[in-house]
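Notes for the structure review
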Amino acid sequence: GDSVTQMEGPVTLSEEAFLTINCTYTATGYPSLFWYVQYPGEGLQLLLKATKADDKGSNKGFEATYRKETTSFHLEKGSVQVSDSAVYFCALRSFQKLVFGTGTRLLVSP
Amino acid sequence: DVKVTQSSRYLVKRTGEKVFLECVQDMDHENMFWYRQDPGLGLRLIYFSYDVKMKEKGDIPEGYSVSREKKERFSLILESASTNQTSMYLCASRLTGAREALHFGNGTRLTVT
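Residues numbered from 1 in each chain as written. Chains lettered and ligands numbered in written order. Predicted model: local features only at pLDDT ≥ 70, side-chain atom pairs only at ≥ 80, totals over all residues. Heavy atoms only, no water.

Within chain A, the secondary structure is distributed over zero helices and twelve strands. When the helices and strands of chain A are read in sequence order from the N terminus, they spell out β-β-β-β-β-β-β-β-β-β-β-β. Its C-alpha atoms give chain A a radius of gyration of 13 Å, near enough to 13 Å, the size a compact globule of 110 residues would have. When the backbone C-alpha atoms are referred to their principal axes, chain A occupies close to 45 × 25 × 20 Å. Carbon and sulfur atoms form 49% of the exposed surface of chain A, whose accessible area is close to 5,200 Å². One finds the centroid of the 10 positive side-chain charges in chain A at a distance of 8 Å from the centroid of its 11 negative side-chain charges. (Helix = DSSP H or I, 4+ residues; strand = E, 2+ residues; numbered from the N terminus. Rg over C-alpha atoms; globule rule 2.2 N^0.38 Å. Areas by Shrake-Rupley, 256 points an atom, 1.4 Å probe, with all protein chains shown as cover. Lys, Arg positive; Asp, Glu negative; His and termini not counted. Charge placed at Lys NZ, Arg CZ, Asp CG, Glu CD.)

With that out of the way, let us pick up the interface of chain B and chain A. Across the boundary between the two partners, chain B contributes 24 residues, which contact 19 residues of chain A. Summing both sides of the interface, chain B and chain A together bury roughly 1,700 Å²; the carbon and sulfur share of this comes to 50%. Together, L43, R99 and F104 of chain B form the three largest contributors to the area buried by chain B at its contact with chain A, with a combined 26%. At the junction of chain B with chain A, the criterion picks out five residue pairs in polar contact (both at pLDDT 80 or more). Mapped onto the side of chain B that touches chain A, the elements with two or more residues apiece are β5 (31-38), β6 (42-49) and β10 (87-94) of chain B. A per-class count over the side of chain B that touches chain A returns twelve nonpolar, seven polar and five charged. (Contact = heavy atoms within 4.5 Å. Buried area = accessible area lost by both parts, 1.4 Å probe. Polar contact = N/O pair within 3.5 Å; in protein donor to acceptor, adjacent residues only side chain to side chain. Nonpolar A, V, L, I, M, F, W, Y, C, P; charged D, E, K, R; others polar.)

Attention now goes to the state of the cysteines. All names here are of chain A. Using the criterion set out here, one finds two disulfides over all chains in the structure. Disulfide pairing is shown between C23 and C90; the S-S distance is 2.0 Å. Because the sign of the S-S torsion sets the handedness, a value of about -70° for the bond joining C23 and C90 places this disulfide among the left-handed ones. With C23 in strand β4 (residues 23-26) and C90 in strand β10 (residues 86-94), the pair connects residues that are 67 residues apart, well separated along the chain. Classification of C23 by relative accessible area gives buried; the value is 1%. By relative accessible area, C90 is classed as buried at 1%. (Disulfide = S-S within 2.5 Å. Buried < 20%, exposed > 50% of the residue type's maximum accessible area, 1.4 Å probe, protein only.)

Put into structure tokens, the structure is as follows:
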């Protein structure tokens, strides 16, 4: 079935460092791809999305590009802040369902 | 902004109790979902509903049932709670459409003792 694989965390960075969180997927057809973020004590919030190959989603300085040839949707940010500390989930839309990765915890220190 | 409200942030129940988790959304979304979130396992879909009185099993429906009598409300029912159902439960909703994203509530942390 359809699945999403994320890099295991935690990812620990200093403020202003460059961030990459890897995400690859397996799916039939052409799914839409999403990144969600979960701050402590909260539910998940949509961070960005891409709905077709070569689309780039972006929001709050985060970016991810839908790469069909490598079945990837890696999340990047040029300069992280302490407030970016959270758990990040990659997901794909498979028919009516959203399939999530296991999440990657990001810890940013001052 | 879409608001998805889960009735309780924390619940403690005893083994064998019947448990109701309530979720309400205010944006007329057709589709509603219940997930559970566990460390190392991510989010797993329990049940979803694409219309009033309609329901579909997700990946882990065993031990759960759902009710959707009104469009805005989607209830998750644990018929006889067990300790392995201790988890964070997340409700979500969205419009119909391939590009629509899910909107989540803040979650209910359920502990079954």
